[in-house]
Amino acid sequence: MRIDVLTLFPRMFEGPLTESILGKAIDKGLLEVKVSNFRDFSTNKHKQVDDYPYGGGAGMLLKVQPIHDGLKAIQEEVAHANQRVILLDPAGKPFNQKMAEEFSEEEHLVFICGHYEGYDERIRSLVTDEVSLGDYVLTGGELGAMTMIDATVRLLPEVLGNNESAIGDSHSTGLLEHPQYTRPADYEGMEVPHVLTNGNHKLIEEWQLKESLRRTLLRRPDMLEKLEMTDEMTRLLAEVKKEEGM
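Because the structure is predicted, anything quoted here is derived from the model rather than measured. (Residues numbered from 1 in each chain as written. Predicted model: local features only at pLDDT ≥ 70, side-chain atom pairs only at ≥ 80, totals over all residues. Heavy atoms only, no water.)

What about the UniProt feature "binding site: S-adenosyl-L-methionine" (unreviewed entry) in the protein?
Taken from the UniProt record, the annotation "binding site: S-adenosyl-L-methionine" (unreviewed entry) applies to G114, L133, G134, D135, Y136, V137 and L138. Annotated residues from the preceding list that form part of the lining of the second largest pocket: these are G114, L133, G134, Y136, V137 and L138. Along the chain, the position of G114 falls in the loop between β6 (108–112) and β7 (118–119). G114 has contacts with L62, L88, Y119, G140, G141 and E142, leaving out every residue within four places of it along the chain. Positionally, G134 belongs in the loop between β8 (129–132) and α4 (142–153). (UniProt positions renumbered as here; feature names shortened; annotations may be inferred. 1 Å grid on protein atoms, 1.4 Å probe; cavity = no way out; pocket = protein on both sides within 12 Å on 5 of 7 lines; lining within 4 Å. Helix = DSSP H or I, 4+ residues; strand = E, 2+ residues; numbered from the N terminus. Contact = heavy atoms within 4.5 Å.)

This is the structure:
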């Protein structure tokens, strides 16, 4: 996968792109990332990338010219037909696991990180997606882009080294992940549930599903409303509700 980032602050990406999973993916040749300062594409003699909005209003807007020319340079360098251009914007569609899965299927992603009060509206005509990290406003799009890149890249084949790690994640299955334990089986009286140590894989799988339903019900009941329930899930959820006095 190739990822390009257009930002005014390229150095913000140095740590996240050299450490942990992202750094290893780059070292293995599974990921190529290029971070560009779109100020370099400004035709203004002072390299200005923002200006006052027509009609008045608070703050400054990012100009269309530097973003347009930055995208054009990327497209000339990387001629992928399946390019996705993602504009980081608080007014965009909220980012979620399903979107990360969609992005992970692409050959080439471009992230545009905004600053100041907003964008010249014509910039929106240059992108395929307008995405928000959540219902809050950050000082710029860089942290949002880093988060989306991390969530996307970890889903690429061979990045985690074990696809099962990603498949069973919270939100990937529509449920929150069940509780997990490791050795010792008893630590100062805090014991691992016996079902996990008895070797009966059928009972273990049932316990894991039931506890995923329990955790989702208690923490994110809204997720259950969107879930296609099997007969087994319906039965286990009913047991959970009875045990929780609901």
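Now that the structure is up, let's keep going.
Considering the sheet that holds strand β4 (residues 61–62)
Here three strands make up an open sheet; going across it, the order is β3-β4-β7 and the pairing mixed. Whereas interior strands pair on both sides, the edge strands pair on one side only; in this sheet they are β3 (50–51) and β7. Two strands pair when backbone bridges link them, and β3 and β4 are joined in this way by two bridges, in the antiparallel orientation. Counted as the bridge partner of D50 is L62 from β4. (Pairing = 2+ DSSP bridges.)

Here we look at helix α2 (residues 64–77)
For α2, with 14 residues, the first-to-last C-alpha span of 20 Å sits near the 20 Å given by 1.5 Å per residue. Inspection of α2 places P66, I67, G70, L71 and I74 among the buried residues, and these make up the whole buried set. Buried residues in α2, looked at end-on, bunch into an arc of 130°, giving them a common side. (Expected span 1.5 Å × (residues − 1). Buried < 20%, exposed > 50% of the residue type's maximum accessible area, 1.4 Å probe, protein only. Arc of directions from axis to C-beta.)

Description of the nonpolar core
Counting 27 residues, the largest nonpolar core has I3, F95, F111 and V153 as the members making the most contacts within it. Those elements giving two or more residues to this core turn out to be β1 (2–7), α1 (20–27), β5 (83–94), α3 (97–104), β6 and α4. Ranked by residues supplied to this core, first place goes to α4 with six residues. Not counting residues within four places of it along the chain, the set of residues in contact with V153 comprises I3, L22, A25, L31 and V159. (Core = buried A, V, L, I, M, F, W, Y, C linked by side-chain atoms within 4.5 Å.)

Comments concerning a nonpolar patch on the surface
On the surface, a cluster of nonpolar side chains totalling about 460 Å² of accessible area is made up of F9, M12, Y136, L138 and L143. Given a relative accessible area of 46%, L143 falls into the partly exposed group. (Patch = residues over 30% accessible without salt bridge, like charges linked within 9 Å, V, L, I, M, F, W, Y side chains within 5 Å. Areas by Shrake-Rupley, 256 points an atom, 1.4 Å probe, with all protein chains shown as cover. Salt bridge = Lys/Arg side-chain N within 4 Å of Asp/Glu carboxyl O.)

Comments concerning the domain arrangement of the protein
In terms of domain boundaries, the protein breaks down into domain 1 (2–154) and domain 2 (171–244). Just the C-alpha atoms count here: the centres of domain 1 and domain 2 sit 38 Å apart. (Domains from an automatic or database assignment.)

Some details on the pattern of salt bridges
Within this structure, the stated rule accounts for 19 salt bridges. Of the charged contacts, one joins R84 and D129 as a salt bridge, the two residues approaching to 2.8 Å between their closest N and O atoms. On the criterion of sequence distance, the pair formed by R84 in strand β5 and D129 in strand β8 is long-range, its members being 45 residues apart. The burial state of R84 is the same as that of D129; both residues are buried. Where K210 meets E239, a salt bridge forms, and the shortest distance between an N and an O atom there is 3.0 Å. Of this pair, K210 sits in helix α6 (residues 201–219) while E239 sits in helix α8 (residues 231–243), and the two are 29 residues apart along the sequence. Beyond isolated ion pairs, a larger network of salt bridges with shared partners links E206, K210, E211, R214, R235, E239, E243 and E244.

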